[in-house]
Amino acid sequence: MRCPFCNYEDTRVIDSRPSEGKKRRRRECPKCGKRFTTYEVVEKPQLMVYKRDGSFEPFDRQKLIKGIQNAIKKRPVSVDDMKNLVDDIENTFANKMQTETTTSEIGDMVLMGLKKLDHVAYVRFASVYKDFSDVDSFIQIITELSDKKK
Ligand SMILES: [Zn+2]
């Protein structure tokens, strides 16, 4: 579990107790000395993903990783960065005890993560996932990115 203050990877658990189906953990960062609390779901609920055509399937971590891998090919995004992104997405649903989502909700979460990691990967993922059927939405995404740089 990373320290939310300084991003140090190896934080210590100083207290752990169950809390409403979750584990409440008090952690301390040995690097910056700050303390924080995490709630970890002991057992993740099965997440169902609804697709645009109305069909649905269980959340498939490997499939999501494959999609992201295509986007980050030959880009300076590490395997760890990618795994952290997928973990974050899974944990977001698990911590809310959410059991249903849509491909577009997951896609938006991936895009938010990639935006911070690498803009080329972001545009690549967006082009597949958003299925740029119209030129306007593509231009909008590119414009958003160049606005950010200013
Ligand atoms: Zn820290």
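Below is a summary of the structure that appears in this document. All figures in this text were calculated on a predicted structure; none of them were measured in a lab. (Residues numbered from 1 in each chain as written. Predicted model: local features only at pLDDT ≥ 70, side-chain atom pairs only at ≥ 80, totals over all residues. Heavy atoms only, no water.)

Remarks on the pattern of salt bridges
Note the following rule: The salt bridge definition used is simple: a Lys or Arg side-chain nitrogen within 4 Å of an Asp or Glu carboxyl oxygen. To qualify as a helix, a DSSP run of H or I must reach at least 4 residues; to qualify as a strand, a run of E must reach at least 2; elements of each kind are numbered from the N terminus. When a residue's accessible area, from a 1.4 Å probe over protein chains only, is under 20% of the maximum for its type it is buried; when over 50% it is exposed; and in between it is partly exposed.
Taken as a whole, this structure holds 9 salt bridges when the rule is applied. For Glu28, the salt bridge goes to Arg12, with nearest N and O atoms at 2.6 Å. Here Glu28 is found in strand β2 (residues 22-28), whereas its partner Arg12 is found in strand β1 (residues 12-19), with 16 residues between them in sequence. Residue Glu28 is classed as buried on the basis of its relative accessible area, which comes to 14%. Accessibility expressed as a relative area gives 47% for Arg12, which makes it partly exposed. In this structure, Arg61 engages Asp87 in a salt bridge whose closest nitrogen and oxygen atoms are separated by 2.9 Å. Taken together, the residues span a long stretch of sequence, with Arg61 in helix α1 (residues 61-72) and Asp87 in helix α2 (residues 79-95) at a distance of 26 residues. A relative accessible area of 24% means that Arg61 is categorised as partly exposed.

A closer look at the coordination of the zinc ion
Under ideal tetrahedral coordination, the four donors around a metal are separated by 109.5 degrees; under ideal octahedral coordination, the six donors are separated by 90 or 180 degrees. Here is the rule we go by: Only N, O and S atoms count as donors, using a 2.8 Å cut-off from the metal and 3.2 Å for Na, K and Ca, and because water is excluded some sites may appear unfinished. Here the metal geometry follows the donor angles, with tetrahedral for four donors whose angles all fall between 85 and 135 degrees, square planar for four and octahedral for six when opposite donors are more than 155 degrees apart and every other angle is between 65 and 115, and irregular for all the rest.
Bound to the zinc ion on the protein side are Cys3 (SG), Cys6 (SG), Cys29 (SG) and Cys32 (SG), at distances that span 2.3 to 2.4 Å. One way to put it: the 4 donor atoms around the zinc ion meet at angles of 106 to 115 degrees, and that makes the site tetrahedral. Counting gaps between the donor residues of the zinc ion yields the pattern C-x2-C-x22-C-x2-C. For Cys3, a relative accessible area of 1% translates into the label buried.

Let's talk about the nonpolar core
Generally speaking, soluble globular proteins have nonpolar side chains that are buried together. Formally: Residues belong to one nonpolar core when they are buried, are Ala, Val, Leu, Ile, Met, Phe, Trp, Tyr or Cys, and are joined through side-chain atoms within 4.5 Å. Only heavy atoms matter for contacts: two residues are in contact if any of them lie within 4.5 Å across the pair.
Grouped together as the largest cluster of nonpolar side chains are 27 residues, with contacts concentrated most on Leu64, Ile68, Val110, Leu114 and Phe125. Those elements that place two or more of their residues in this core are α1, α2, α3 (103-117), α4 (119-129) and α5 (135-149). Sorting elements by how many residues they give to this core places α4 first, with 6 residues. Ignoring any residue separated from it by four or fewer positions in sequence, one finds Val110 in contact with Leu64, Ile68, Leu85, Ile89 and Phe125.

What about unusual backbone geometry?
Trans is the prevailing form of peptide bonds, just as negative phi is the prevailing case for residues other than glycine. Backbone geometry at Asn7 places phi at a positive 70 degrees, although glycine is not the residue there. Following the sequence through the fold, Asn7 ends up in the segment before β1. Residue Asn7 is classed as partly exposed on the basis of its relative accessible area of 47%. Phi at Lys74 is positive, roughly 60 degrees, even though this residue is not glycine. When you line up the elements, Lys74 lands in the loop between α1 and α2. Look at Lys74 and you get exposed, because its relative accessible area is 83%.

By themselves, these observations are geometric and do not establish any function.
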